[in-house]
Amino acid sequence: MTQELSDPSLLDALTGIASRAGDAIMRVRMAGASVRTKADATPVTEADEAAETIILDGLSRILPGITVVSEEAASQGSLPQIPATFILVDPLDGTREFIEGRDEFTVNIAIVRDGRPIAGVVGAPALDAIWRGAIGAGSERLMLQPGAGPEAARERTPLRTHPHREGPWRAMVSRSHLDPKTEEWLTRFPAISRMDCGSSVKFCRIAEGKADVYPRLGRTSEWDIAAGDAVLSAAGGVVLTPDGTPVQYGQIARGLKVPSFIAWGDPADAARYG
């Protein structure tokens, strides 16, 4: 089966792939995962590799010929030429959370066109949740058992962000990567309610209207955030650099790294406080 990027059923196909990858991750979790250290000193498990295999196979079937950049392949030095349209994959975002027995790990798949994600799926198999969105079509959360297709979702919730209301700012912060620059940035708000969290779930909580902002002023990789950016942007939010411009993807000159970003639920809040 092949599909055009404009085909509404493409998001269903990506959801199915993410769900199957999530099921593979959960099977490894139940059996007990062994941990290795990659050349960049980050951890990897057989769950990362099993999920990547499923995702790459699935994408080759529905979008044959499209360029795919995946974390595990890239960590081995495999960075292809980046065309205008390509796919970014993180088969297991939040590997540290996975290793530590937390549930905040995700499968991230994003389609990028002209430097910006146009569609994305974030699957959290331990939470039985998949968030997905496409620019112009909105975002939604599916409650879905890992391995099942989107038609089996037991609950579908449309997502829409909200501007900050009275009271403390609800800030998502990285459980594993909180840095001094991010801490300093947060002092611009008179009162903060922090929510520690791992992986791309942070973007999805903002998309749900449960948080206002997520700053990350330390370096991360494009595959870590592209799918979350797609879900949040389709729900009405924005993901910006500190100078207020949208994060750009496919930046091969900087090794597909993102120096820093701030995710906002409301563009007006970003203009006012960014």
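Because the structure is predicted, anything quoted here is derived from the model rather than measured. Throughout, a residue's number is its position along its own chain's written sequence, starting from 1. At least 70 in pLDDT is required for a residue's local features to be given in this predicted model, at least 80 for side-chain atom pairs to be given and counted, and no such filter applies to totals for whole chains, interfaces and linings, which use all residues. Computation of side-chain values covers all heavy atoms of the structure but excludes hydrogens and water.

Caption draft 1: Main features of the packing of aromatic side chains. The aromatic pairing rule takes the rings of Phe, Tyr and Trp, using the six-membered ring of Trp, and pairs them if the centres are within 6.5 Å, calling planes under 30 degrees apart stacked, those over 60 edge-to-face and the rest tilted. Summed over all chains, the structure comprises 11 aromatic pairs. Seen from their ring centres, tyrosine 214 and phenylalanine 261 are 5.2 Å apart, and the 85° between their planes marks the pair as edge-to-face. Taken together, the residues tyrosine 214 in strand 12 (residues 213-216) and phenylalanine 261 in strand 16 (residues 261-264) connect sequence positions 47 residues apart. The residues tyrosine 214 and phenylalanine 261 share a single accessibility class, namely buried. Secondary structure follows DSSP: runs of H or I at least 4 residues long count as helices, runs of E at least 2 residues long count as strands, and numbering of each begins at the N terminus. Type-normalised accessible area, obtained with a 1.4 Å probe on protein chains alone, sets the label of each residue: buried when under 20%, exposed when over 50%, and partly exposed for intermediate values.

Caption draft 2: How the structure looks around the sheet that holds strand 6 (residues 116-124). Any two strands between which DSSP finds at least two bridges are classified as paired. Within the open sheet, the 7 strands sit side by side as 3-4-5-6-7-8-9. Their pairing is mixed. Of all the strands in the sheet, just strand 3 (67-70) and strand 9 (155-159) have a single pairing partner and so form its edges. With strand direction ignored, the average angle separating the axes of adjacent strands in the sheet is 15°. In the sheet, strand 3 pairs with strand 4 (residues 85-93) via 4 bridges, with the strands oriented parallel. What sits directly across from serine 70, in strand 4, is valine 89. Working convention: axes come from line fits to C-alpha atoms, limited for helices to the stretch in contact. Angles between N-to-C directions cover 0 to 180 degrees.

Caption draft 3: Examining the nonpolar core more closely. By nonpolar core we mean a set of buried residues, namely Ala, Val, Leu, Ile, Met, Phe, Trp, Tyr and Cys, connected to one another through side-chain atoms within 4.5 Å. In this structure, Leu88, Trp131, Phe203 and Phe261 are the most contacted members of the largest nonpolar core, which totals 35 residues. Elements represented by at least two residues in this core include exactly strand 4, strand 5 (106-113), strand 6, strand 7 (129-134), helix 6 (201-207), helix 7 (222-234) and strand 16. In terms of residue count, helix 7 provides more of this core than any other element does, 6 residues in total. Counting residues in each nonpolar core, the second largest holds 31 residues, with Val28, Phe105, Ile111 and Leu144 among its members.

Caption draft 4: Molecular detail of the packing of helix 1 (residues 10-31) against helix 2 (residues 46-62). Running from amino to carboxyl end, helix 1 crosses helix 2 at an angle of 155°, the nearest separation of the two axes being 8 Å. As judged from the angle between their axes, helix 1 and helix 2 are roughly antiparallel. When you trace helix 1 past helix 2, the crossing you get is right-handed. Residues Leu10, Ala13, Leu14, Ile17, Arg20, Ala21, Ala24, Ile25 and Val28 of helix 1 pack against Glu46, Ala47, Ala50, Ala51, Ile54, Ile55, Gly58, Leu59 and Ile62 of helix 2. Residue composition of the contact of helix 1 with helix 2, by class: 15 nonpolar, 1 polar and 2 charged. Oblique is the label for any angle not covered by the other classes, which are roughly parallel (under 35 degrees), roughly antiparallel (over 145) and roughly perpendicular (65 to 115). Here is the rule for handedness: rotate from the far helix to the near one, and if that takes an anticlockwise turn smaller than a right angle the crossing is left-handed, while a clockwise turn gives right-handed. The criterion used for residue contact is that any of the two residues' heavy atoms lie within 4.5 Å. By the convention adopted, Pro, Cys, Tyr, Trp, Phe, Met, Ile, Leu, Val and Ala count as nonpolar, Lys, Arg, Asp and Glu as charged, and the other residues, Gly among them, as polar.

Caption draft 5: Seen up close, the pattern of salt bridges. Within this document, salt bridges are pairs made up of a side-chain nitrogen of Lys or Arg and a carboxyl oxygen of Asp or Glu, the two lying within 4 Å of each other. Enumeration according to the criterion identifies 18 salt bridges in this entry. For arginine 27, the salt bridge identified is with aspartate 23, shortest N-O distance 3.0 Å. Residue arginine 27 and its partner aspartate 23 are located together in helix 1, separated by 4 residues, close to a single helical turn. Here arginine 27 falls in the exposed class, since its relative accessible area comes to 57%. The partner of aspartate 128 in a salt bridge is arginine 154, and the shortest N-O contact between them spans 3.4 Å. Taken together, the residues span a long stretch of sequence, with aspartate 128 in the loop between strand 6 and strand 7 and arginine 154 in the loop between strand 8 (138-143) and strand 9 at a distance of 26 residues. For aspartate 128, a relative accessible area of 22% puts it in the partly exposed group. Under the relative-accessibility criterion, arginine 154 is labelled exposed at 55%. The structure contains a network of salt bridges with shared partners spanning Arg141, Glu155, Arg205, Glu208 and Lys210.

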